[in-house]
Amino acid sequence: MFNSLSDRLSNTFRNLKRRGTLSESDVNATVRDIRVALLEADVALPVVKQFTGRIRERALGAEVSEALNPAQQVVKIVNEELVGILGGATRRLNLAKNPPTVIMLAGLQGSGKTTLAGKLGYWLKEQGHAPLLVAADLQRPNAVTQLEVVGERAGVPVFAPERGNVFGHDAALETGEGTRSFGDPVDVAVDSVTHARDKGYDIVIIDTAGRLAVDVDLMRQAHDIRVETAAHEVLFVIDAMIGQAAVETAKAFADGVGITGTVLTKLDGDARGGAALSVATVTGEPILFASTGEQVKDFEIFHPDRMAGRILD
Ligand code: GDP
């Protein structure tokens, strides 16, 4: 990811390095180059404007530094501003004082939620937690099975409606754990939290349904799951490859569901980087994790400073 953005910015800075001092027109030309580079990388226009506005203002106002030449100074400013739009400091998971912590995953179908549930579960287990995956995606016929496969691979148990009852609408069945209506994802999510508390799981990871496009009913369902489970984290999962569409989707989930952070997936692909660079600014919430492949270990904590470093490498 970021290959062409990175190349373009290096070219811009290379041109700048030839200058001993920076005139206003040098700064303007540089800012123009950065603007084009960001737009080509599919960064959302309002984010580009905000970003380049700050670079220009800071570059023109920069004090003459003994230690840095003008080009280095601009690179430093761009680096700091990149860290800023990527969310600033690394944000840790918000864990509940009284377990279980409820982490809900929301996003479009195919964004990588189910895969992420396994990765997150595996990662948390490695750190000594006892996570439980929850199949609250009852829209797609094989979603529950898919989560079970993922859970098995990650070595993390899965809480799911009993097979055969998943899509029944009259399905309020007596189980050892009380009456449960199997057709309703909100009920399943709420039950899973009780189950986790009873059985000593300290983190619940709820995989919710997604559709191919933003959908009012689904938003409401995700919103209800968040409210009814009093979720501590609502992680918006977004495929970094979706480019410009990222902004609208992110806004829709931030407004419709209420999110506390973002996870970028498919960073192993050749995405231009626009989603990564837009989503924290657009949602006002940081990026917590990055998914970098299909295997359970292809998962990283998202560090804005390292990502900025990668772009400016
Ligand atoms: P969901 O519909 O949001 O639950 O998405 P899935 O978890 O089913 O993922 C959709 C597809 O993307 C699957 O084929 C996954 O293997 C793949 N996938 C998920 N995360 C990543 C990732 O980080 N990198 C790559 N290359 N593929 C991924």
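As shown above, the structure is provided for reference.
Residues numbered from 1 in each chain as written. Predicted model: local features only at pLDDT ≥ 70, side-chain atom pairs only at ≥ 80, totals over all residues. Heavy atoms only, no water.

Moving on, we get to the overall build of the chain. Broken down by element type, the chain carries 11 helices and 10 strands. Seen through its C-alpha atoms, the chain measures out along the principal axes to roughly 80 × 35 × 30 Å. The 313 residues of the chain split such that 49% are buried. Summarising the internal contacts of the chain: among those between residues at least 6 apart in sequence, 74% fall at separations of at least 24. When the accessible surface of the chain is split by element, carbon and sulfur atoms take 46% of a total near 14600 Å². (Helix = DSSP H or I, 4+ residues; strand = E, 2+ residues; numbered from the N terminus. Buried < 20%, exposed > 50% of the residue type's maximum accessible area, 1.4 Å probe, protein only. Contact = heavy atoms within 4.5 Å. Areas by Shrake-Rupley, 256 points an atom, 1.4 Å probe, with all protein chains shown as cover.)

Within the structure, the ligand sits among 17 residues, and Gly110, Thr114, Thr115, Asp268 and Glu294 are positioned closest to it. Note that an oxygen atom of the ligand is positioned 3.3 Å from one of the backbone N or O atoms of Ser111. Between the ligand and Glu294, the relevant distance is 2.6 Å, taken from an oxygen atom to a side-chain nitrogen or oxygen of the residue. Within the complex, the protein chains bury 79% of what would otherwise be the 580 Å² of accessible surface of the ligand. In this structure, the ligand is accommodated by the largest pocket. Counting residues per element, the shell around the ligand draws most heavily on helix 5 (residues 113-126), which supplies four residues. Partitioned by chemical class, the residues of the shell around the ligand number one nonpolar, 10 polar and six charged. (Near = heavy atom within 4 Å. Polar contact = N/O pair within 3.5 Å; in protein donor to acceptor, adjacent residues only side chain to side chain. 1 Å grid on protein atoms, 1.4 Å probe; cavity = no way out; pocket = protein on both sides within 12 Å on 5 of 7 lines; lining within 4 Å. Sits in = over half its atoms within 2 Å of the grid points. Nonpolar A, V, L, I, M, F, W, Y, C, P; charged D, E, K, R; others polar.)

Among the structural elements, Arg19 can be located in the loop between helix 1 (3-17) and helix 2 (24-40). For Arg19 and Gly53, which are 34 residues apart along the polypeptide, the C-alpha to C-alpha distance reads 22 Å. With near-sequence residues (within four places) excluded, Arg19 lies in contact with Asp26 and Pro70.

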